[in-house]
Amino acid sequence: MPFFNRLASSAALALVLLAAAGCDPQRISELEEGLSTEVDVRDRFGPPDQVWEEGNGSRTLEYNRQPAGQRNYMITIGPDGKMSALRQVLTPENFARIQAGMGMDEVRRRLGKPAKVTPYALSGETHYDWRFLEPPNTAMLFTVVTDRSLRVLRTQTTPDMASPDHNGPR
């Protein structure tokens with residue numbers, strides 16, 4: 001019976017996360033760059049998953065929608081306390097900026113928390129996966145492969161075969 005309880009709890013959590021992600025367009029439409037404050041952002045999105053301090057006195061709030069969602073938001077609050085940028089960072093353009101030799105800490109800072117991390121002990125590699133939508137609506141995975149020192153070896157983009165949105169054979 002404990003297995004079924006865990007399964008039911010996991011399913012309930014997934015539904016809550018999907019419902020929250022579905023509200024994002026409404027929340028975003030209620031915010032305006034240069035006018036909305038950090039309080040406004042937190043009222044709509046809740047507490048951030050991570051707060052990144054910037055060198056110029058601004059802060060970036062990370063709102064992660066992984067593993068169930070296909071977006072991650074970075075919302076920058078300027079030194080004046082006003083929202084200066086709201087970006088969905090899981091895009092092919094951002095993925096193209098991830099280069100071999102880059103540290104995983106920088107990748108994490110650019111893309112947010114991954115949906116899944118898979119270490120491979122024999123090869124010494126670790127695969128970090130982010131689920132995203134390739135325009136207009138193709139479910140995809142972006143994978144960063146690192147070595148033992150957490151430096152990027154390579155990246156790859158593949159169809160997200162596990163996505164409920166996948167439109168091909170499983």
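In this text, all values refer to a predicted model and were calculated from it rather than measured experimentally.

A. Representation of unusual backbone geometry. Of note, the bond from Q66 into P67 is cis; its omega dihedral lies within 30 degrees of zero at 5°. Summarising the element assignment, P67 is placed in the loop between β2 (59–64) and β3 (72–77). P136 follows P135 through a cis peptide bond whose omega is 5°. In this structure, P136 sits in the loop between β6 (125–134) and β7 (138–146).

B. Local environment of the packing of aromatic side chains. Scanning the model with the defined rule gives 5 aromatic pairs in all. On the basis of an interplanar angle of 5° and a centroid distance of 4.0 Å, the ring pair of F95 and F142 is categorised as stacked. Remark: F142 occurs in strand β7 and F95 occurs in helix α4 (residues 92–96); sequence separation between them is 47 residues. Neither F95 nor F142 differs from the other in exposure class; each is buried.

C. Representation of the side chain of R131 in the model. Inspection of the secondary structure puts R131 in strand β6. Judged by relative accessible area, which is 13%, R131 ranks as buried. For R131, the side chain forms a polar contact with the main-chain oxygen of P67, separated by 2.9 Å.

D. Representation of the pairing of β6. When you tally the buried positions in β6, you get 8 out of 10 residues, the bulk of the element. As defined by bridge partners, strand β5 (residues 116–120) adjoins β6 across 5 bridges and the pair is classed as antiparallel. Opposite Y120, over in β6, you have E125 as the bridge partner. The antiparallel pairing of β5 with β6 creates a hairpin that spans 4 residues between the two strands, and G124 there sits at a positive phi of about 80°. In the sheet, β6 pairs with β7 via 9 bridges, with the strands oriented antiparallel.

E. Structural view of the sheet that holds strand β1 (residues 50–53). With antiparallel pairing, the 4 strands of this open sheet are ordered in space as β1-β2-β3-β4. Of all the strands in the sheet, just β1 and β4 (83–88) have a single pairing partner and so form its edges. With direction set aside, neighbouring strand axes in the sheet form an average angle of 20°. Here β2 pairs with β3 via 6 bridges, running antiparallel. Counted as the bridge partner of Y63 is Y73 from β3. Its contacts with the sheet place helix α3 (residues 38–45) against β1, β2, β3 and β4, and it is angled at close to 10° to β2.

F. Representation of the confidence of the model for the protein. For the protein, the average pLDDT comes to 87, and 84% of its residues sit at 70 or higher. Low pLDDT, under 50, characterises residues 3–21; the stretch is placed with 4 contacts to residues that sit more than four places away or in other chains.

Conventions used here
- Counting from 1, residues in each chain are numbered in the order their sequence is written.
- Local features are withheld for residues below a pLDDT of 70 in this predicted model, meaning they are given only at 70 or higher, and side-chain atom pairs are given and counted only at 80 or more; totals for whole chains, interfaces and linings count all residues.
- Excluded from the side-chain calculations are hydrogens and water; all other atoms, namely the structure's heavy atoms, are used.
- Each helix corresponds to a stretch of at least 4 residues labelled H or I by DSSP, and each strand to a stretch of at least 2 residues labelled E; elements are numbered beginning at the N terminus.
- Pairs were defined over the aromatic rings of Phe, Tyr and Trp, the Trp ring being its six-membered one, requiring ring centres within 6.5 Å. Orientation was assigned from the angle between planes: stacked under 30 degrees, edge-to-face over 60, tilted for the rest.
- Relative accessibility thresholds used throughout: buried, under 20% of the residue-type maximum; exposed, over 50%; partly exposed, between the two (1.4 Å probe, protein chains only).
- In protein, a polar contact requires one atom able to donate a hydrogen and another able to accept it; more generally it is a pair of N or O atoms within 3.5 Å, and residues adjacent in sequence count only if both atoms are side-chain atoms.
- For two strands to count as paired, DSSP must find a minimum of two bridges between them.
- In this analysis, axes come from line fits to C-alpha atoms, helices being fitted only over the stretch in contact, and the angle between any two N-to-C directions falls in the range 0 to 180 degrees.
- The criterion used for residue contact is that any of the two residues' heavy atoms lie within 4.5 Å.
- Values of pLDDT, ranging from 0 to 100, describe the predictor's confidence in every residue of the model.

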